[in-house]
Amino acid sequence: MKVTAIAPANIAFIKYWGRKDAKLRIPSNPSISMNLSACITKTTVEFSNDFKQDTVTKGFDEKRIIAHIDRIRDLAKTKMRAKITTNNSFPTSVGVASSASGFAALTVAAAAALGLKLSPKKLSSLARLGSGSACRSIPDGFVKWEGEYAYSLYPHDYWDLRDILVIVESKQKEISSSKGHEAVETSPFFAKRLAMIPKRIKWIEKALGEKNFPAFGKVIEEDCLDMHHVMQTQDPPLIYWNDKTREIMDTVRRWRKEGIPVYFTIDAGANVHLICEGKDERKVIETLGSRYQIIINKPARGAHLI
Ligand code: PMV
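Rules behind the numbers
Residues numbered from 1 in each chain as written. Predicted model: local features only at pLDDT ≥ 70, side-chain atom pairs only at ≥ 80, totals over all residues. Heavy atoms only, no water. Near = heavy atom within 4 Å. Polar contact = N/O pair within 3.5 Å; in protein donor to acceptor, adjacent residues only side chain to side chain. Areas by Shrake-Rupley, 256 points an atom, 1.4 Å probe, with all protein chains shown as cover. Nonpolar A, V, L, I, M, F, W, Y, C, P; charged D, E, K, R; others polar. Domains from an automatic or database assignment. Helix = DSSP H or I, 4+ residues; strand = E, 2+ residues; numbered from the N terminus. Buried < 20%, exposed > 50% of the residue type's maximum accessible area, 1.4 Å probe, protein only. Contact = heavy atoms within 4.5 Å. Pairing = 2+ DSSP bridges. Phe/Tyr/Trp six-rings, centres within 6.5 Å; stacked < 30°, edge-to-face > 60°. Buried area = accessible area lost by both parts, 1.4 Å probe. Expected span 1.5 Å × (residues − 1). Arc of directions from axis to C-beta. Axes fitted to C-alpha atoms, helices over the stretch in contact; angles between N-to-C directions. Left-handed = near helix turned anticlockwise from the far one by under 90°.

Draft legend 1. Structural context of the site of the ligand. Lining the immediate environment of the ligand, one finds 14 residues, of which Tyr 16, Ser 133, Arg 136, Ser 177 and His 181 sit closest. Contacts to the ligand include His 181, whose side-chain N or O atom sits 3.0 Å from an oxygen atom. Notes on the ligand: free accessible area 380 Å², of which the protein chains cover 93%. Looking at the shell around the ligand, its residues break down into 5 nonpolar, 5 polar and 4 charged. If you count residues domain by domain, the shell around the ligand takes at least three from each of domain 1 (2–156) and domain 2 (161–297).

See the structure below:
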């Protein structure tokens, strides 16, 4: 059967950095994220006894994709080969990680193509084995991941937030996040980070529940800086920021003093996510000017069949 699914990338407000179990990709701490409406992967999976071998669209990580298809084949107890066609709504050259949206779309499409009826929890756990943060791209809207799977805290239309993604770097990262997770214990600040996480989770859940944007923004910036502090003090150090990243971080702080409610967060890369409420989107974009390529994201649904 031939099935197509789409899935969004997601931005973490409380970040996942470090794993309790590397092979199973069980995170050291819970994380909270939002699905991104303009960073979407669309994947078609077709299984057939007529196919002699698996095929994957050129330019994607064939080995990792087929390893994931093998997991799903094992569940369905089949050896049928697959044809996998995938594309991203955002150019791969902008340096936006596509593993979360990619493995979420692949999981949902492949499971359906093999007639597996999996619960949302099971789909999320399965996506996690492909790429950790992919498990957060399965549920709707605002999502929490703890342990084996992620679930929705609030649907996508709960809060009209924006993630204005500012592209300052289009290179692929030199050290993958997988390698980064592995070396997290070498940072003397990792234990301190873990000790702070329960408080931050409580604060962010309260701010989300009350739609208290300044409280929300304060925690997301704090957690982003904390994760990067750990990254930068690992061995080898992971320094993802460049001059433009730092300039935008300074600018955001200045804008807040000038009365524009906007906060930043940054994943394992140099690009900056500007988080604001929908009502302030125009102001933020106009103030930023036309110097950078941007991708405007709203909260989005999770992975689904089309
Ligand atoms: O899913 P991975 O292994 O690419 O790890 C991603 C980790 C961060 O993006 C840096 C943080 C997060 O929670 O998404």
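Draft legend 2. Representation of the side chain of Asn 242 in the model. Residue placement: Asn 242 occurs in the loop between helix H6 (213–232) and helix H7 (243–257). For Asn 242, a relative accessible area of 18% puts it in the buried group. Engagement of the side chain of Asn 242 in a polar contact is seen with the backbone nitrogen of Lys 244, the distance being 2.9 Å. A polar side-chain atom of Asn 242 sits 2.9 Å from the main-chain amide nitrogen of Thr 245. Sequence-distant contacts of Asn 242, that is, excluding residues within four places in its chain, are made with Val 168, Glu 169 and Ala 270.

Draft legend 3. Looking closely at the pairing of strand E8 (residues 149–154). Bridge count between strand E7 (residues 142–146) and E8: 5 bridges; the pairing is antiparallel. If you follow Glu 146 over to E8, its bridge partner there is Tyr 149. Two successive antiparallel strands, E7 and E8, enclose a turn made up of 2 residues, where Gly 147 displays a positive phi of approximately 70°.

Draft legend 4. Local environment of the packing of aromatic side chains. Enumeration according to the criterion identifies 9 aromatic pairs in this entry. With centroids separated by 4.6 Å and ring planes inclined at 65°, the aromatic side chains of Tyr 16 and Trp 145 adopt a geometry described as edge-to-face. Of this pair, Tyr 16 sits in the loop between strand E1 (2–14) and strand E2 (19–21) while Trp 145 sits in strand E7; the two residues are 129 residues apart in sequence, bridging distant segments of the chain. The class for Tyr 16 is buried, based on a relative accessible area of 8%.

Draft legend 5. Focus on the domain arrangement of the protein. Entries for the protein in the domain assignment read domain 1 (2–156) and domain 2 (161–297). Relative to domain 2, the C-alpha centre of domain 1 lies at a distance of 23 Å. Taken together, the contact pairs 31 residues of domain 1 with 45 residues of domain 2. Buried surface at the junction of domain 1 and domain 2, summed over both partners, amounts to about 2,900 Å²; 68% is from carbon and sulfur atoms.

Draft legend 6. Here's a closer look at helix H1 (residues 62–76). Compared with an ideal rise of 1.5 Å per residue, which puts 15 residues at 21 Å, H1 spans 21 Å between its outermost C-alpha atoms and is within 8% of the ideal. Buried within H1 are the following residues: Ile 65, Ile 66, His 68, Ile 69, Ile 72 and Arg 73. The buried residues of H1 occupy an angular sector of 160° when the element is viewed end-on, so they sit on one face. For H1, the exposed residues set more than 90 degrees away from the buried face come down to Lys 63 and Asp 74. Positioned one or two residues after H1, Lys 77 has a phi angle of 50°, which is positive.

Draft legend 7. Main features of the packing of H1 against helix H2 (residues 99–113). For the pair H1 and H2, the least separation of the axes is 10 Å and the interaxial angle reads 35°. Crossing angle aside, the handedness with which H1 passes H2 is right-handed. Where H1 abuts H2, its residues Arg 64, Ile 65, His 68, Ile 69 and Ile 72 lie against Ser 99, Phe 103, Leu 106, Thr 107, Ala 110 and Ala 111. Partitioned by chemical class, the residues of the contact of H1 with H2 number 7 nonpolar, 3 polar and 1 charged.

Draft legend 8. Local environment of the sheet that holds strand E12 (residues 293–297). One open sheet accounts for 4 strands, arranged E10-E11-E9-E12; its pairing is antiparallel. Each end of this open sheet is capped by a strand with a single partner; those strands are strand E10 (262–265) and E12. Within the sheet, the average angular offset between the axes of one strand and its neighbour, ignoring direction, is 25°. In the sheet, strand E9 (residues 161–167) pairs with E12 via 5 bridges, with the strands oriented antiparallel. From the neighbouring strand, Ile 164 faces E12, where its bridge partner is Ile 296.

Draft legend 9. Looking closely at the side chain of Thr 4. Its place among the elements puts Thr 4 in strand E1. Since its relative accessible area comes to 17%, Thr 4 is described here as buried. Within the structure, Thr 4 has its side chain in polar contact with the side chain of Thr 44 (distance 2.8 Å). Dropping the residues within four chain positions of it, Thr 4 is found in contact with Lys 42, Thr 43, Thr 44, His 304, Leu 305 and Ile 306.

Draft legend 10. Spotlight on unusual backbone geometry. Asp 235 connects to Pro 236 through a cis peptide bond whose omega is 0°. Structurally, Pro 236 can be placed in the loop between H6 and H7. The residue Arg 25 is not glycine, and still its phi comes out positive at about 50°. Among the secondary structure elements, Arg 25 is positioned in the loop between E2 and strand E3 (26–27).

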